[in-house]
Amino acid sequence: MVCLEPSDGGTLVIQIEIIVKYGQVSIRLSLLGSCPDSSYAGIPLLKGSPTEELFYIIVAYNNEVKKTLGNVYLFKWVMATMMWEEMVDIKDSIFFVDLAHDYHSVYYNHAIAAELGGGYIHIHDQMGKVMYSYDVEDKTISLSCMAAYPTSHLSLWEGDTLESENQVDKIVVRLSVTMDDDDDDDDEVDLNESRLLNLPFHLLEMIMDHCIGVEYMGFRATCKRCHLAAPSIQWKNNKARLRLRNYSLVSPWLMVVDRNRGRITFTDPVSGDKYFMKRSHVSIRRDKIHCSRFGWLLLCSNYSPLVFFNPFTNVICELPYVNAPDGFDSLCFSAPPTSRDCMVVGFRARGKHANVYIHSEQTWRVIGLDFGGARFCFPTFCGRDVFVLCDKGEVYVFKNLFKSQGCYYKKVVSRKRQGGECFLVKSDRQFLLVVVGDFGEYVEVLKLNCRNKEWEKVESLGRYMIYIDGTTCLCVEAKAPELENKIFFPRLHSKNGKIVFYSLETCNYHTFNGSSNNIQQIAGVGIKHAYSHAWIQPTWS
């Protein structure tokens, strides 16, 4: 089988049959079909197997530099339907992808021993220094230095043994609660009844009347009687929303969009509790969440270029159409979309040119820049000014964006030492830069000194904690002393499945074991989510 790219676009799969008979060679070509949807941007790889199976793998990176793996897509050709089908689990099978050589190669074993790490796609990156391990079922990615693996060619991977130090245990869910907004789900209640709540029904209703937020959802999931006593909240009901308006959580949640299972998962990083939203009114196009603030998400959907979405109330606010053919590099907004003060700014760089998209008062305005091919990330409002991190390590400020004339930008500061992944975040008083080593081997925090135009190292965050992510970073005041001075990552520990954080006090990685008072030190920065994810501060207003 070979892939052929015709001049009119798309990619076709051609079956080649070579027949040698009586000293004569005949070659027969036949069209098998087209490759999966071309919207999956990345490195395509075609792989057959001795069992006459055909697989198509797409290795997608976060940017054009191909420095960090972003996602992996795996498809299988189904002869019965003559179509590609995306695989959600490969059970005991295993793939090895070698991108470190000019000729990209794939090795496949359909029945590897479970103790050797079945269910993974292992990827040797293009620089030959990193091994990525992609869990097909859980859609998580772990990485390690190639010093732990054979450094010669792929043939060493085809041996009988492979020491898999990145094997991922299944996450143990301590509490699973379904969040929904319909009243027709009462038949789906777990019938494992609890005799601890054998109270008169009217008393249960009175108790539920005083529960809000997570307490309400947890109580509702306890047993069938509690489920019946606590009807699904109608978020459009002003009385119900008024009860939740002042509700506050200890920490933001990590939201992960699992499109294969058709659900959204919310994880509390402190308790480890998980909450599931079984369906959503919004379909996220290309799994792209651009920004998360004030409990709202700014994202691209399948039916509108940009929408605001509150997953806790299912409220959607559409933005007017804007002509950005292949999307934005980054976006931010200044206030909830229900506020008159809400302003949206987006950045898009292609080649040597960049555009700034500005939305206010229901209209878009576009400003062109000649910026030498730099990309912008982590745009952050400071008043009506917008600070943005350039991928070259520089920070720029854009002023007068919301005036019809006089808009300008200037460089605020540059980084002296390069290397590592950078995250720009704003606290109440200043801008901070979190720098994480390529393998998580170091974490440092710098604060911006605007007067001297330089970064200064920070030894402690004081009473604050930081949540970093690829699109949006949050800096919030800790509501408990044991949460202070910590940086939370959107990653899971490979053993206990808990969210990983870094303590500036101990200079080590840790996880919480069920409460903020039970902390476990771990090695490494954990595994990343392949699905679209973001930190979100739940709000029901």
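Residues numbered from 1 in each chain as written. Predicted model: local features only at pLDDT ≥ 70, side-chain atom pairs only at ≥ 80, totals over all residues. Heavy atoms only, no water.

Undergrad: Give me the overall build of the chain: which residues, what numbers.
TA: Counting its secondary structure elements, the chain contains four helices and 40 strands. Scored against the burial criterion, the 541 residues of the chain give a buried share of 50%. Within the chain, contacts between residues separated by at least 24 positions form 47% of all contacts whose residues are at least 6 apart in sequence. When the accessible surface of the chain is summed, it comes to about 27,100 Å², and 49% of that surface belongs to carbon and sulfur atoms. (Helix = DSSP H or I, 4+ residues; strand = E, 2+ residues; numbered from the N terminus. Buried < 20%, exposed > 50% of the residue type's maximum accessible area, 1.4 Å probe, protein only. Contact = heavy atoms within 4.5 Å. Areas by Shrake-Rupley, 256 points an atom, 1.4 Å probe, with all protein chains shown as cover.)

Undergrad: Explain the pairing of strand S22 (residues 344-350) to me, using residue names and the numbers behind them.
TA: Burial of S22 is extensive: six of the seven residues sit out of reach of the surface. Relative to S22, strand S21 (residues 330-333) runs antiparallel, the two being bridged by four bridges. Across the sheet, residue Leu331 finds its bridge partner in S22, namely Gly346. In the sheet, S22 pairs with strand S23 (residues 353-360) via seven bridges, with the strands oriented antiparallel. Following the sheet pairing, Ala349 is matched in S23 by Ala354. (Pairing = 2+ DSSP bridges.)

Undergrad: Can you break down the environment of Lys411 residue by residue, with the values?
TA: Its location among the elements puts Lys411 in strand S28 (residues 408-413). Taking the C-alpha atoms as reference, Lys411 lies 6.0 Å from Val395; in sequence the two are 16 residues apart. Excluding residues within four positions of it along the chain, Lys411 makes contact with Glu394, Val395 and Tyr396.

Undergrad: Would you mind going over the sheet that holds strand S29 (residues 421-426) in detail, with residue names and values included?
TA: Hydrogen bonds between backbone atoms are what pair the strands of a sheet, whose relative direction is either parallel or antiparallel. Read across the sheet, four strands follow the order S29-S30-S31-S32 without closing on themselves; strand pairing throughout is antiparallel. Lying at the two open borders of the sheet, with one neighbouring strand each, are S29 and strand S32 (454-458). Between one strand axis and the next, the sheet turns by 30 degrees as a mean value, whatever way the strands run. When strand S31 (residues 443-449) meets S32, the two strands line up antiparallel, connected through five bridges. Across the sheet, the residue bridging to Leu448 is Trp455, located in S32. (Axes fitted to C-alpha atoms, helices over the stretch in contact; angles between N-to-C directions.)

Undergrad: Give a description of a nonpolar patch on the surface that names residues and reports values.
TA: Together, Ile16, Ile18, Val20, Val25, Ile27 and Leu29 make up a nonpolar patch on the protein surface, roughly 620 Å² of accessible area in all. Within the residue set of the nonpolar patch, elements represented by two or more residues are strand S2 (12-21) and strand S3 (24-34). Positionally, Val20 belongs in strand S2. (Patch = residues over 30% accessible without salt bridge, like charges linked within 9 Å, V, L, I, M, F, W, Y side chains within 5 Å. Salt bridge = Lys/Arg side-chain N within 4 Å of Asp/Glu carboxyl O.)

Undergrad: Any chance you could break down the pattern of salt bridges for me, citing the residues and the numbers?
TA: Within the structure shown, the criterion is met by six salt bridges. The partner of Lys76 in a salt bridge is Glu53, and the shortest N-O contact between them spans 3.0 Å. Within this pair, whereas Lys76 is found in strand S6 (residues 69-78), its partner Glu53 is found in the loop between strand S4 (43-48) and strand S5 (54-61), the two being separated by 23 residues in sequence. Overall, the relative accessible area of 27% leaves Lys76 in the partly exposed class.

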